[in-house]
Amino acid sequence: MLDLIIRNAKELNQAPVEIGIQDGKISQVAEKISEEAKREIVLGENQYLSAGWIDDHVHCYEKMNLYYDYPDEIGVSKGVTTVIDAGTTGAENIGDFYEITREKKTNVFALVNISKWGIVEQDELADLTKVQEKLVQHALIDYPDFIVGIKARMSKSVVGNNGITPLELAKKIQADNEHLPLMVHIGSAPPELSEVLAKMEKGDVLTHCFNGKSNGILDKTTNKIKDFAWDAYRKGVVFDIGHGTDSFNFQVAETALQEGLKAKSISTDIYVRNRTNGPVFDMATTMEKLHVVGYSWEEILEKVTTAPAENFHLTTKGRIEAGFDADITVFELVEEDKELIDSNGFKRTTKQQIKPIKTIIGGVVYDN
Ligand code: ZN
Ligand code: ZN
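Residues numbered from 1 in each chain as written. Chains lettered and ligands numbered in written order. Predicted model: local features only at pLDDT ≥ 70, side-chain atom pairs only at ≥ 80, totals over all residues. Heavy atoms only, no water.

1. Considering the coordination of the zinc ion (ligand 1)
The criterion, for reference: Coordinating donors are taken to be N, O and S atoms lying within 2.8 Å of the metal, or within 3.2 Å when the metal is Na, K or Ca; because water is excluded from the atom set, some sites may appear incomplete. The way it works is that DSSP assigns letters per residue, a run of H or I at least four long becomes a helix, a run of E at least two long becomes a strand, and they are numbered from the N terminus. The buried label applies to any residue whose accessible area, calculated with a 1.4 Å probe on protein chains only, is under 20% of its type's maximum; exposed applies above 50%, and partly exposed to all values in between.
Coordination sphere of the zinc ion (ligand 1), protein contribution only: His 185 (ND1) and His 208 (NE2), at 2.0 to 2.1 Å. Separating the zinc ion (ligand 1) from the zinc ion (ligand 2) is a distance of 3.6 Å. Of the two residues, His 185 is situated in strand E10 (residues 182-186) and His 208 in the loop between strand E11 (205-207) and strand E12 (218-219); the sequence distance between them amounts to 23 residues. Considered together, His 185 and His 208 belong to a single accessibility category, that of buried residues.

Pasting the structure below:
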């Protein structure tokens, strides 16, 4: 007796299959499942599913003041089965964050900020005594299944007078710890983006990749992607959206696409203020923005499932395959105009919206 069977289960542009779920895992994907189950769901003709959406840049430690949210407000209720908190906490408060998240429906993982209290203050890397490799290592030992990487925020308001040094410290911590995934936030200079990208390696995640700031990837005088951004892209630096309040610009994303440069992963950088007041609102809206830029739905779905799972080594997530976690998002594509606004107030209209209908996490079904 299986726990759950999903019948008429269609991924976009694929033939319907049946998905069997047992003990929180996908146990089989087959044309026909003859076994019985405690519960069955039959998807409607206009409903599709994908592996559960993964948002690899959020802020959801609710005890913070600057950037915080509640995992289930940005996760299960929005079609997102897994969130990765991007450095809200550091070694000294990540344990409390871990405890709180055990109660949540949404899967929560975290990148540990190299600064020991995370983003308690905006300039967490202005005082380098807060960056202590030993503390980070202890956190990694204490929470090995929760911490999936490290985070360094490399922009003027965060690093103060320290220039590129915090990134050098982050790269050292990364190298000493089995080459942990590293996410780097970018913004205004100093440090110059060229310096930041020169230090980043294949697999390192550059978040806020399509921000509209002058220290971004677009040269605004020529309207071309800067050469050093192309160099980083070609060497395998992962371009991640990290939309956020200030960090997604349609023109940058469109120009990059015209030149053939695409984000690998789509993430929101969501927290309570940009969720309630915009411009982020939720993962679906962020996906619609990439659709209006010109990405296909197939590639958008890949960028919120297999891509973030690969970025952060979530080896049991991101695919609908036997043995993988039973994290699934059921959605509809609705032909209906919607106005979308980027971080700089520029607007586009999508003709097609993506609407999560059910969020399935570890085989448990939640209606949206
Ligand atoms: Zn950031
Ligand atoms: Zn962020």
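Additional details are given in the paragraphs that follow.
2. Observations regarding the packing of helix H8 (residues 250-259) against helix H10 (residues 283-293)
Threshold: Fitting a line to C-alpha atoms yields each axis, with helices limited to the stretch in contact; the angle taken between N-to-C directions then spans 0 to 180 degrees. Should an angle lie under 35 degrees it is considered roughly parallel, over 145 roughly antiparallel, and from 65 to 115 roughly perpendicular; all remaining angles are considered oblique. Helix crossings fall into two classes, left-handed where the near helix is turned counterclockwise from the far one by less than a right angle and right-handed where it is turned clockwise. Residues count as neighbours in contact if any of their non-hydrogen atoms are within 4.5 Å of one another. For this scheme, ten residues count as nonpolar: Ala, Val, Leu, Ile, Met, Phe, Trp, Tyr, Cys and Pro. Four count as charged, namely Asp, Glu, Lys and Arg, and the remainder, Gly too, count as polar.
Two elements in contact, H8 and H10, have axes separated by 9 Å at closest approach and are oriented at 50°. As far as their axial angle goes, H10 and H8 are oblique. The element H8 and its partner H10 pack so that their crossing is right-handed. Where H8 abuts H10, its residues Phe 250, Ala 253, Glu 254 and Leu 257 lie against Lys 289, Val 292 and Val 293. Residue composition of the contact of H8 with H10, by class: five nonpolar, no polar and two charged.

3. Considerations on the coordination of the zinc ion (ligand 2)
Taken together, the protein donors to the zinc ion (ligand 2) comprise His 57 (NE2), His 59 (NE2) and Asp 269 (OD), at separations of 2.0 to 2.2 Å. Going along the chain, you hit the donors of the zinc ion (ligand 2) in the pattern H-x1-H-x209-D.

4. Let's talk about the pairing of strand E3 (residues 25-30)
Along any regular strand the residues' side chains alternate between the sheet's two faces. Just so we agree on the cut-off: Strands are treated as partners if at least two bridges between them are detected by DSSP.
Two elements, strand E2 (residues 17-22) and E3, share five bridges in a ladder whose sense is antiparallel. By the bridge assignment for E3, Ile 21 is matched with Ile 26. The turn joining E2 and E3, which pair antiparallel and follow one another in sequence, is formed by two residues; a positive phi near 50° is taken by Asp 23.

5. Focus on the pairing of strand E15 (residues 328-341)
As defined by bridge partners, strand E5 (residues 47-51) adjoins E15 across five bridges and the pair is classed as antiparallel. Residue Gln 47 lies in a different strand from E15, and its bridge partner there is Glu 332. The sheet contact formed by E15 and strand E16 (residues 347-361) spans 12 bridges and is antiparallel. Along E16, the bridge assignment pairs Glu 339 with Thr 349.

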